[in-house]
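# Coordinates in review
Letter by letter, the chains look like this.
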2 protein chains.
Amino acid sequence: MNDAVVADRHPSTITTGLDRLHSLAGQRFIIGDVAPEIDGGRYPIKREVGDRLEVFADLICDGHAQVAGALLYREQTDEVWREVPLRFHDNDRWTASFPLERNTRYHYTVAAWVDEFESWHRDVTKKVNAGQDVTVDMTEGAGLVEIARERAQGEDRASFDRLVAEVAAAAGSPRMQEFLFSEEIGRLMRRYGTRIGYTQHPTVLEVVVDRVAARYAAWYEMFWRSQGTDASRGATIDDCIARLPYIRGMGFDVVYLVPWHPIGRTNRKGRNNTLIAGPGDPGSPYAIGADEGGHTAVNPEWGTLDDFKRFVAAVGQYGMELAMDFAIQCSPDHPWIKEHRDWFKWRPDGSIRYAENPPKRYEDIVNVEFYEPHGGQPIEALWLELRDAVLFWCALGVRIYRVDNPHTKPLPFWEWMIREVQDQYPDAVFLAEAFTRPKLMKALAKLGYTQSYSYFTWRNTKAELTAYLEELTQGPANEYMRANFFANTPDILPTILQQGGRPAFLQRVVLAATLSSVYGIYNGYELCENEAVPGKEEYWNSEKYQYKVWDWDRTGNIREWITRLNEIRKENPALHEYDNLKFYNAWDDNILLYGKMARNANNFILIAVNLDPHSPHDAHLELPLWELGLPDHATVWMEELMAGYRFTWTGKHQHVWIDNQHPAFIWRVTPA
Amino acid sequence: MNDAVVADRHPSTITTGLDRLHSLAGQRFIIGDVAPEIDGGRYPIKREVGDRLEVFADLICDGHAQVAGALLYREQTDEVWREVPLRFHDNDRWTASFPLERNTRYHYTVAAWVDEFESWHRDVTKKVNAGQDVTVDMTEGAGLVEIARERAQGEDRASFDRLVAEVAAAAGSPRMQEFLFSEEIGRLMRRYGTRIGYTQHPTVLEVVVDRVAARYAAWYEMFWRSQGTDASRGATIDDCIARLPYIRGMGFDVVYLVPWHPIGRTNRKGRNNTLIAGPGDPGSPYAIGADEGGHTAVNPEWGTLDDFKRFVAAVGQYGMELAMDFAIQCSPDHPWIKEHRDWFKWRPDGSIRYAENPPKRYEDIVNVEFYEPHGGQPIEALWLELRDAVLFWCALGVRIYRVDNPHTKPLPFWEWMIREVQDQYPDAVFLAEAFTRPKLMKALAKLGYTQSYSYFTWRNTKAELTAYLEELTQGPANEYMRANFFANTPDILPTILQQGGRPAFLQRVVLAATLSSVYGIYNGYELCENEAVPGKEEYWNSEKYQYKVWDWDRTGNIREWITRLNEIRKENPALHEYDNLKFYNAWDDNILLYGKMARNANNFILIAVNLDPHSPHDAHLELPLWELGLPDHATVWMEELMAGYRFTWTGKHQHVWIDNQHPAFIWRVTPA
């Protein structure tokens, strides 16, 4: 374990008077409540390139002297700290900010001190104003300048030399005060003057600065096997390339594919997750590994590694990016099982332990063991192999990883692996597929995941959505967790989509795409596919276990709706941001009213959604004119962006009627 | 600076893959949100002897295995941790508690692990219930027992040996399961079974366990010089001893005296803080030090060191305790100035720098310098001398120190000095006289002050009192700050007492004595003395600068009221507690209604105070029957303790009329 991590942070372990005296005496300031800071600095916060990081801290010192402080920051590999002066905020709280210009990790912390010269200057000014004699004070001030002079070099030293001479020449005359109070001396003294009681916040804090796509992107998930036109075989890479114009045409940024590795044959699952595969059944792509290879191989049915390189290039040519599914489990045929017996758990009867969550069994997969038996040492070779598998795909141009079931793998593995990869590829994005307990979901985000799945899929009512979004975007989790709102996944066909028909699909994609700045759908969503295993949230005839072809022009599809939605997202910077969400009053529980204001652009988007897929609803609402700095009786232009028309509203009390067949208004609001 | 304190807590400083792997791999759990914990463990929390400390923590681990954990604790000088099993609370949160039996510092922290045997037991039970074959599982379970056996010794080893033999003999038969599921094996395996992923919270936390008097005491402050009967000279120690029956008679626990050291003659202040003392003026006792001695001397006018020892003994014989005023500033005649020139600041003209807060000057005192000039090293000899001055009085039996103006001395000095003294005298209590900025006041408490003065003196309205008391007793400050509610001090005669007359004095002492569990008054309060310097909160003819005699039987005095109040405090354990305060509804802004329920006794006190000293008020109120577990229509006995009568109330809606001449009801409420 890291020694620094287990160290006591309070001084009780130092036992003798003088040692303790010197250990404490340097901490003249209490630097408190530094923000942002997660768990005392144990975990980094997250931001994106182009942001400014605003830092706050309480600077607490004894006495009445003039406090000063600095925000210190550097890129993680820099030796030297850069310094930004802290400015007083209120009630002993100070603040400063710095620009996050590069996709890397920055370190930051805070320092505080007493500005000896400024304290002198302030006190002497008060005495002068009170008509007190300050002759001796002037001599003291000159002494402080003299001390500072010794620290200066070059041009500054020359200025000091000149000024010191001038002060000396003026000694005893009123001109001495004029010199000592001059702006030039003030400037030099801020830089070279004595910093009394210099104290640095004991923790170096870290911010992961991701690229903007970590916060703002639209994802399209698909099964590579069902992108073709022949239901008797899997699609090829060329079939998938042919699909790219369709996906880009809807405005998506990320194409995310389920695992494309060879699939195991032993205990292969059949259609609808049956225990025995039929002769032509392709098996679950999550049962990774066969004679053809494992985590660094391409399924030969799909294509070759060269084909794959063409695919990556094609995705890029369409202005999109590929996301890979990183699933650690192995099929019983994975090459690692023969090559690395110690990475797996063997039972007393000589059999391998299959994955299980008793009484459930997963006979087509086995899990690797990250530690030696009975909680022993980490199995280094496995950790390295898994990291290197990710680096293998990084080298081929894949920079986005959706990670399957991360909550069943050791947390320190993720902290280590993500950092290892991002040290080489700071643009690597990791999305945690963990629909698990809330604190475990947050833990994965804290220790490094760029994005997280969330409970959005199961938040349907106004109360649920409001409470959950406020927790995500306004609470402490906002500092480290970005929720990627998937409206459906291959494993989740939520009840509202099963029962709500097309209006539900229209509604939920608007919520996903506007409540969060990063969202996704899984193919078929645009076709309103909603046939479920009865009583479950699983798809009937899931592509997970069988070949399938889709009619992408199927009647009732909502491609145009999604296309327009993605256009609106692109055109409006307010929707590129994550934590600028605010809810407003609409006096009907079926109508959700919320808005987003761009931080650095003149762009305010207001959205009203009818949450009931079964019928129209109407509501009085409070138009948030105050967000535009307008009075309650002002007139504004309302531009409805989905249908494309304009009108004006005057006054903050308005009324809206929303058809469930067109369940959302997205208004751009501007002063009339 | 302490190395541990400056260490990075996140792993970014470890740069290579394998080092980082091993540094992280041991942290299998995220142990989060440990409570109570102040600023990541940097400062200790506070409790009193006899409490139990309840600790909570989130234990976050991957997967589905059976989590277990322990609260670890020890007295600060112990080598060995004691372990209390954590029990599940909710939502990944766990809790346990331990008794605080001694007046010392305890350390505590939390550990978590996966219980390998219990995980096995739980999973196999599920398989058995599902009718699955568990033959191989039984062999695995026997293997876990075998591993644990090796760790046991003595009797436990013998039990293991017997059980392992029984299990082996039963191999393959249903009896094997019976043995492995037995309570005896369970008990042994909880102790010796493998703890997978054992992770300890990286911070060792500390709780200062003070004696009960730190939380519960009534203080009486007095000027030793004015306890006699001759206004032309200061009182003697025997005069003060003669006053003890009066003070104890009112029910006070602590007699607190302003500094009793020799007083400087140079620039001695005259009556009412005038710059020039008259011939017989005794000077401020806060201008400490003269030819007769400094911080370890007794003012010869008051008595000798032997007299002082008699005084300490006499205070003890009356069941009370002496509190000393520790004021670090020196008169210009203090012996240290000659002996230790480097402890003071000298000006370029050779003069000493007097205390000042420009444009205000304090010509009768000089401050010591804790650091070498221009922010240099700490002046060890001074730090030690000041500590040793306190230890000098500790050795003479003084254990309570009210510290004058601590906020103008370096914060690390206090952290060091208080810990040094409490290492030898854990019963030493330090009260910070700091009516300063809120965060500085809290900082002094965090770094070691046992008690703090507070803003109570200036909180008069219902809204002010409610908000401030909730901040003190229900917010985070409750973990480390105990507010000692002084109703007046020699420096503060608040406006409400100046203008409100006797009713204000009656009211404010009830508030002080019942809102907080520790409170004080300064002599003259019981006489309703309220002559102020016009336009200020200062006493006219303050004892600080002149001899004075008091008529302790003066007309209009409220000695009986205070006596009864202190009796009520003693008789009712609910009033011995600090953070059990709750406010209740009374529908009039002049009526404050609040209550305290004893944690470990059957005692509920309800208090109604008329906050307006000028007229009677009445209010509907909500009688908090629910605190006694009673329904809204219940009947209770109301025993009014100030006047001593009983009645019943039925139902929670009641009405009260409170005369400003008798401005408080203190009811003991019991089910009828």
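Note that this is a predicted model, so its numbers are computed, not measured. (Residues numbered from 1 in each chain as written. Chains lettered and ligands numbered in written order. Predicted model: local features only at pLDDT ≥ 70, side-chain atom pairs only at ≥ 80, totals over all residues. Heavy atoms only, no water.)

Moving on to the overall build of chain A. Looking only at helices and strands, one finds 16 helices and 28 strands in chain A. Principal-axis analysis of the C-alpha atoms gives chain A an extent of 105 × 70 × 45 Å. Counting all 672 residues of chain A, 61% fall into the buried class. In chain A, the share of contacts with a sequence separation of at least 24, taken over all contacts with a separation of at least 6, comes to 73%. For chain A, the exposed area adds up to about 25100 Å²; of that, 49% sits on carbon and sulfur atoms. Here chain A contributes 72 positive and 95 negative side-chain charges, whose respective centroids are spaced 1 Å apart. (Helix = DSSP H or I, 4+ residues; strand = E, 2+ residues; numbered from the N terminus. Buried < 20%, exposed > 50% of the residue type's maximum accessible area, 1.4 Å probe, protein only. Contact = heavy atoms within 4.5 Å. Areas by Shrake-Rupley, 256 points an atom, 1.4 Å probe, with all protein chains shown as cover. Lys, Arg positive; Asp, Glu negative; His and termini not counted. Charge placed at Lys NZ, Arg CZ, Asp CG, Glu CD.)

Residues and elements named next belong to chain B. Of note, Ala 487 is situated in the loop between strand S19 (485-486) and helix H15 (495-515). The spatial distance from the C-alpha of Ala 487 to the C-alpha of Leu 18 is 63 Å, given a sequence separation of 469 residues. Apart from residues no more than four positions distant in its own chain, Ala 487 is found in contact with Phe 456, Thr 457, Pro 494, Leu 497, Ala 512, Gly 520, Ile 521 and Tyr 525.

Further remarks concern the pairing of strand S11 (residues 217-222) of chain A. Two faces, one strand: in a regular strand the side chains alternate between the faces of the sheet. All names here are of chain A. Of all 6 residues in S11, 6 are buried, a share of seventy percent or more. Burial of S11 is two-sided: the residues Ala 217, Trp 219 and Glu 221 facing one way and the residues Ala 218, Tyr 220 and Met 222 facing the other way are all buried. Both S11 and strand S20 (residues 518-522) contribute to a ladder of 5 bridges, which runs parallel. Of the residues in S20, the one forming a bridge with Ala 217 is Val 518. Bridge count for S11 against strand S12 (residues 254-257) is 4 bridges, and the pairing is parallel. Directly across from Glu 221, in S12, lies its bridge partner Tyr 256. Handedness of the crossover joining S11 and S12 through helix H8 (residues 237-249) is recorded here as right-handed. (Pairing = 2+ DSSP bridges. Right-handed = clockwise from strand over helix to strand, strands pointing away.)

This part takes up empty space enclosed by the protein. Residue and element names in this part refer to chain A. This model, assessed by the stated rule, comprises 9 cavities of 30 Å³ or more. Of the volumes computed, that of the second largest cavity is approximately 90 Å³. Considering the residues around the second largest cavity, the lining is formed by Tyr 43, Pro 44, Lys 46, Arg 105, Val 208, Glu 415, Ile 418, Arg 419, Gln 422, Lys 446, Leu 447 and Gly 448. Sort the elements by how many residues they give to the lining of the second largest cavity and helix H12 (residues 411-424) lands first, with 4 residues. Along the lines of polarity and charge, the residues of the lining of the second largest cavity split into 5 nonpolar, 2 polar and 5 charged. (1 Å grid on protein atoms, 1.4 Å probe; cavity = no way out; pocket = protein on both sides within 12 Å on 5 of 7 lines; lining within 4 Å. Points joined across faces, edges and corners; volume = space filled by probe spheres on them. Nonpolar A, V, L, I, M, F, W, Y, C, P; charged D, E, K, R; others polar.)

A word on the packing of helix H4 (residues 135-149) of chain B against helix H5 (residues 154-169) of chain B. All names here are of chain B. Packing of H4 against H5 brings their axes to within 10 Å, and their N-to-C directions diverge by 155 degrees. Considering the angle they form, H4 stands roughly antiparallel to H5. When the axes of H4 and H5 are compared, the crossing they make is left-handed. Between H4 and H5, the contacting residues are Ala 142, Val 145, Glu 146, Ala 148 and Arg 149 on the first element and Arg 157, Phe 160, Asp 161, Val 164 and Val 167 on the second. A per-class count over the contact of H4 with H5 returns 6 nonpolar, no polar and 4 charged. (Axes fitted to C-alpha atoms, helices over the stretch in contact; angles between N-to-C directions. Parallel < 35°, antiparallel > 145°, perpendicular 65-115°, else oblique. Left-handed = near helix turned anticlockwise from the far one by under 90°.)

For the rest of this paragraph, the subject is the packing of aromatic side chains. Using the criterion set out here, one finds 94 aromatic pairs over all chains in the structure. Ring geometry for Trp 302 of chain A against Phe 311 of chain A: centres 5.5 Å apart, planes inclined by 75 degrees, an arrangement best described as edge-to-face. Grouping residues by exposure puts Trp 302 of chain A and Phe 311 of chain A together as buried. Measuring from centroid to centroid gives 5.5 Å for Tyr 401 of chain B and Phe 430 of chain B, while their planes differ by 20 degrees, and the two rings are stacked. Here Phe 430 of chain B lies in strand S17 (residues 429-433) and Tyr 401 of chain B lies in strand S16 (residues 400-404), a separation of 29 residues in the sequence. Given the relative accessible area of 0%, Tyr 401 of chain B is considered buried. Exposure remark for Phe 430 of chain B: the relative accessible area of 0% places this residue in the buried category. (Phe/Tyr/Trp six-rings, centres within 6.5 Å; stacked < 30°, edge-to-face > 60°.)

What follows covers the side chain of Glu 640 of chain A. All names here are of chain A. By secondary structure assignment, the location of Glu 640 is in strand S25 (residues 635-640). Buried charged residue Glu 640 carries no salt bridge. Nearest counter-charge: Arg 564, at 7.5 Å. Polar contacts involving the side chain of Glu 640 include one to the main-chain amide nitrogen of Ala 643, which spans 2.7 Å. Setting aside its immediate chain neighbours within four residues, Glu 640 contacts Tyr 645, His 662, Ala 664, Phe 665, Ile 666 and Trp 667. (Salt bridge = Lys/Arg side-chain N within 4 Å of Asp/Glu carboxyl O. Polar contact = N/O pair within 3.5 Å; in protein donor to acceptor, adjacent residues only side chain to side chain.)

This part is about the relation of the copies chain A and chain B. Overlay of chain A on chain B (RMSD 0.1 Å): rotation 180 degrees, translation along the axis 0.1 Å. Seen this way, the second copy is the image of the first under a two-fold rotation axis. Closest approach to the rotation axis within chain A is made by the C-alpha atom of Gly 40 of chain A, at a distance of 2.8 Å. A share of 100% of the interface residues of chain A reappears at the interface of chain B, consistent with the copies meeting face to face through the same patch. (Least-squares fit on C-alpha atoms with pLDDT ≥ 70 in both.)

On to unusual backbone geometry, then. Residue and element names in this part refer to chain A. The step from Pro 358 to Pro 359 runs through a cis peptide bond, and the omega angle for that step is 0 degrees. Tracing the backbone through its elements, the reader meets Pro 359 in the loop between strand S14 (354-357) and strand S15 (360-366). Notably, Asn 272 is not glycine yet its phi reads approximately 55 degrees, a positive angle. Here Asn 272 is to be found in the loop between S12 and helix H9 (305-317).

Attention now goes to helix H8 (residues 237-249) of chain B. Since the α-helix packs 3.6 residues into each turn, any two residues three or four apart lie on the same face. All names here are of chain B. Along its 13 residues, H8 runs 19 Å from first to last C-alpha, staying within 8% of the 18 Å computed at 1.5 Å per residue. Residue Arg 243 marks the point of greatest curvature in H8, where the axis turns by about 30 degrees; the proline Pro 245 follows within four residues. When we look at burial in H8, the residues that qualify are Ile 237, Asp 239, Cys 240, Ile 241, Arg 243, Leu 244, Tyr 246 and Ile 247. Each element contacted by the buried residues of H8 is listed here: strand S11 (217-222), strand S12 (254-257), helix H9 (305-317) and helix H16 (559-571). (Expected span 1.5 Å × (residues − 1). Bend = angle between axes of the 7 residues up to and from the residue.)

This part takes up the interface of chain A and chain B. Each partner contributes residues to the interface: chain A has 93 residues there, and chain B has 94 residues. For the pair chain A and chain B, the summed buried area comes to about 9000 Å², and 56% of that belongs to carbon and sulfur atoms. Linking chain A to chain B there are 16 salt bridges. Among the ionic pairs, Asp 92 of chain B bridges to Arg 437 of chain A, the shortest N-O distance being 2.8 Å. Joining chain A to chain B, the criterion identifies 30 residue pairs in polar contact (both at pLDDT 80 or more). Looking at the side of chain A that touches chain B element by element, the count peaks at 8 residues for helix H2 (residues 17-25) of chain A. Taken together, the residues of the side of chain A that touches chain B sort by class into 38 nonpolar, 24 polar and 31 charged. (Buried area = accessible area lost by both parts, 1.4 Å probe.)

This brings us to the pattern of salt bridges. A full pass over the atoms with the stated rule returns 121 salt bridges over all chains. The partner of Asp 491 of chain A in a salt bridge is Lys 544 of chain A, and the shortest N-O contact between them spans 2.8 Å. Of this pair, Asp 491 of chain A sits in the loop between strand S19 (485-486) and helix H15 (495-515) while Lys 544 of chain A sits in the loop between S20 and helix H16 (559-571); the two residues are 53 residues apart in sequence, bridging distant segments of the chain. Take Lys 544 of chain A: its relative accessible area is 14%, and that puts it in the buried class. The salt bridge involving Lys 127 of chain B is made with Asp 137 of chain B; its shortest N-O contact spans 2.9 Å.

Right, let's talk about the sheet that holds strand S21 (residues 581-584) of chain B for a bit. All names here are of chain B. With respect to topology, 6 strands assemble into an open sheet ordered S21-S22-S23-S28-S25-S26, the strand pairing being antiparallel. Every interior strand has two partners, whereas the edge strands, S21 and strand S26 (645-650), have only one. Here the average twist between neighbouring strands, direction ignored, is 30 degrees. Where strand S25 (residues 635-640) and S26 come together, 6 bridges link them in antiparallel fashion. Looking across to S26, one finds that Trp 637 is bridged to Thr 648. Packed onto the sheet, H15 meets S21, strand S22 (591-597), strand S23 (604-610) and strand S28 (664-671) and runs at close to 30 degrees relative to S22.

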